[in-house]
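Here's the letter readout for the chains.
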Amino acid sequence: MNRSLWADSSLSTISAGFVAVLVGIASSVAIVFEAARAAGASEAMMVSWIGALGLGMGLTCIAFSWYYRAPVITAWSTPGAALLATSLVGIPMAEAIGAFLFSALLTLLIGLSGTFDKVMEKIPMPITSAMLAGILVQFGLSIFTSLQGNPLLVGTMLLTYLVGRRWLPRYAIILVLAVGFPLSWLLGLVHFELLHWTPSRPVWVAPEFKLSTLLGVGLPLFIVTMTSQNIPGVATLRACGYERVPISPVISGTGLTSLLLTPFGGFAFNLAAITAAICTGPEAHADPARRYTAGIAAGVFYLLVGLCGASVVALFSAFPQALIASLAGLALIGTIGASLAGATAEVESREAALITFLITASGASFFGIGAAFWGLAGGLASYWMFRRRDS
């Protein structure tokens, strides 16, 4: 606690923050644009959405990580954006903003009540670890699916990672970055025509409240964000040893941030899972007490996204998908291994954890709710059933 931020920072934590933002933006920004288009947003409004989302994620990452001395990473709700892309068609933007405010208010209330903390205390660690492993395993597999489509780029990145892990383990991902980006340019895979400068300018939209829109858009957005984003986000923190971070104040903070920025397009903020795993794992720093600087670094990069708007998104989009997918997978290998170890450590819960992992990894979705929720539900049901049998 007495160490300075500068002393705790390192190239590995800064690169972890950068990779987290790169993966978060490049992997899902198109879905956010689709959601904005569905509500009839103009180009100026779309830039405002990215600006508000970047600002909100930047401020919350920095504030939470600094205060709790833990890599608390926030994100926009990607499943929520996917939901909005289909449910906002034909709904005026003002009504959509009203639904976002309703969802944010529900998030704030559940955080202030402490209900979320009580629910998470009932979930055994092997189950949450298995759910996290199921979420992340697809990213590990993407290394080798990308290798099939682009063997030179991905193969060189993979070899660099292996060499780095053998001789410079703290800087393995930095080496991958240093090799991957120039090689993409040399291979002609960088689309410079996508680059353009568009600064963020906030566009205020006054909310309107209509009961059918609140129940048809706002309530599902709240449910999807809590089940598909916040629960895996908590699992990430717990699986990486950050149980001391109180969840209810963080949930309240994301809800309050959403309330303040929703009129500008910040439709939903929540705990991150995938990008958080990049900053909470051993690749960020060997010392867990210093990984909070990765969260602060991610916040700074998110602020740059918010300030520069669509130009930063275009920069990320200019690089090949194989680079982004492989970079994410390589950065998450350590966390995937730790999650699998935590899921299978206890013999009596191993079968239930395996069920959780398989359901989550399957990607199965029912009633618009993602596989992470169903994996958790199936794993908990199995856990309690087997526990009653054994007793």
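Here we summarise the structure given alongside this text. Everything quoted here is computed from the prediction, not taken from an experiment. (Residues numbered from 1 in each chain as written. Predicted model: local features only at pLDDT ≥ 70, side-chain atom pairs only at ≥ 80, totals over all residues. Heavy atoms only, no water.)

**Re unusual backbone geometry**
Stage number 1. Of note in this structure, Arg69 is not a glycine but carries a positive phi near 50°.
Stage number 2. Of note, Arg69 is situated in the loop between helix H3 (43-68) and strand E1 (74-76).
Stage number 3. Here Arg69 falls in the buried class, since its relative accessible area comes to 13%. (Helix = DSSP H or I, 4+ residues; strand = E, 2+ residues; numbered from the N terminus. Buried < 20%, exposed > 50% of the residue type's maximum accessible area, 1.4 Å probe, protein only.)

**Details of empty space enclosed by the protein**
Stage number 1. If you walk through the whole model with that rule in mind, you get three cavities of 30 Å³ or more.
Stage number 2. Empty space within the largest cavity amounts to approximately 50 Å³.
Stage number 3. Forming the walls of the largest cavity are Phe100, Ser103, Ala104, Thr107, Thr225, Thr254, Gly255, Ser258, Phe267, Ala268 and Phe269.
Stage number 4. Of all the secondary structure elements, the ones that give two or more residues to the lining of the largest cavity are helix H5 (93-113) and helix H11 (247-261).
Stage number 5. Looking at the lining of the largest cavity element by element, the count peaks at four residues for H5.
Stage number 6. Residues that form the lining of the largest cavity fall into these classes: five nonpolar, six polar and no charged. (1 Å grid on protein atoms, 1.4 Å probe; cavity = no way out; pocket = protein on both sides within 12 Å on 5 of 7 lines; lining within 4 Å. Points joined across faces, edges and corners; volume = space filled by probe spheres on them. Nonpolar A, V, L, I, M, F, W, Y, C, P; charged D, E, K, R; others polar.)

**Focus: the pattern of salt bridges**
Stage number 1. Throughout the structure, instances matching the rule amount to two salt bridges.
Stage number 2. A salt bridge links Asp287 to Arg290; the nearest nitrogen and oxygen atoms lie 3.7 Å apart.
Stage number 3. Shared partners join several salt bridges into a network, and the residues in it are Asp8, Asp287 and Arg290. (Salt bridge = Lys/Arg side-chain N within 4 Å of Asp/Glu carboxyl O.)

**Comments concerning the packing of aromatic side chains**
Stage number 1. On inspection of all chains with the given rule, the structure shows 10 aromatic pairs.
Stage number 2. Both rings, one in Phe181 and one in Phe319, keep their centres 4.7 Å apart while their planes meet at 80°; by these two values the pair is edge-to-face. Within this pair, whereas Phe181 is found in helix H9 (residues 172-186), its partner Phe319 is found in the loop between helix H14 (310-317) and helix H15 (321-344), the two being separated by 138 residues in sequence.
Stage number 3. By relative accessible area, Phe181 is classed as buried at 18%.
Stage number 4. An aromatic cluster is built from Phe18, Phe181, Phe301 and Phe319, whose rings are joined through pairwise contacts.
Stage number 5. A cation over an aromatic ring shows up here: Arg69 above the ring of Trp66, its NZ or CZ 4.2 Å from the ring centre.
Stage number 6. Just above the ring of Trp167 sits the side chain of Arg166; from NZ or CZ to the centre is 4.9 Å. (Phe/Tyr/Trp six-rings, centres within 6.5 Å; stacked < 30°, edge-to-face > 60°. Lys NZ or Arg CZ within 6 Å of the ring centre and 35° of its normal.)

**Looking at helix H4 (residues 78-87)**
Stage number 1. Looking at H4, one finds that the buried residues are Gly80, Ala81 and Leu84. The buried residues of H4 occupy one face: seen down the axis, they fall within an arc of 100°. (Arc of directions from axis to C-beta.)

**Focus: the packing of H5 against H11**
Stage number 1. Relative orientation of the contacting elements H5 and H11 amounts to 155°, with a least axis distance of 7 Å. The angle between the axes of H5 and H11 places the two elements in the roughly antiparallel class. Along this stretch, H5 crosses H11, giving a crossing that reads as left-handed. Of H11, the residues touching H5 (which contributes Leu101, Ala104, Leu105, Thr107, Leu108, Ile110, Gly111 and Leu112) are Ser248, Ile251, Ser252, Thr254, Gly255, Leu256, Ser258 and Leu259. (Axes fitted to C-alpha atoms, helices over the stretch in contact; angles between N-to-C directions. Parallel < 35°, antiparallel > 145°, perpendicular 65-115°, else oblique. Left-handed = near helix turned anticlockwise from the far one by under 90°. Contact = heavy atoms within 4.5 Å.)

**Description of the packing of H3 against helix H13 (residues 292-308)**
Stage number 1. At a minimum axis separation of 7 Å, H3 and H13 run at an interaxial angle of 160°. Relative to H13, H3 is oriented roughly antiparallel. Where H3 crosses over H13, the two elements pack in a sense that is left-handed. Counting all contacts with H3, which are made through Ile50, Gly51, Gly54, Leu55, Met57, Gly58, Leu59, Cys61, Ile62, Ser65 and Trp66, the residues of H13 involved are Tyr292, Gly295, Ile296, Gly299, Val300, Tyr302, Leu303, Val305 and Gly306.
Stage number 2. Looking at the contact of H3 with H13, its residues break down into 13 nonpolar, seven polar and no charged.

**Regarding the environment of Pro79**
Stage number 1. Tracing the sequence through the fold places Pro79 in helix H4.
Stage number 2. On a C-alpha basis, the gap between Pro79 and Val224 in space is 6.6 Å, while along the polypeptide they are 145 residues apart.
Stage number 3. What Pro79 contacts, discounting residues up to four positions off in sequence, is Val224, Ser228 and Gln229.

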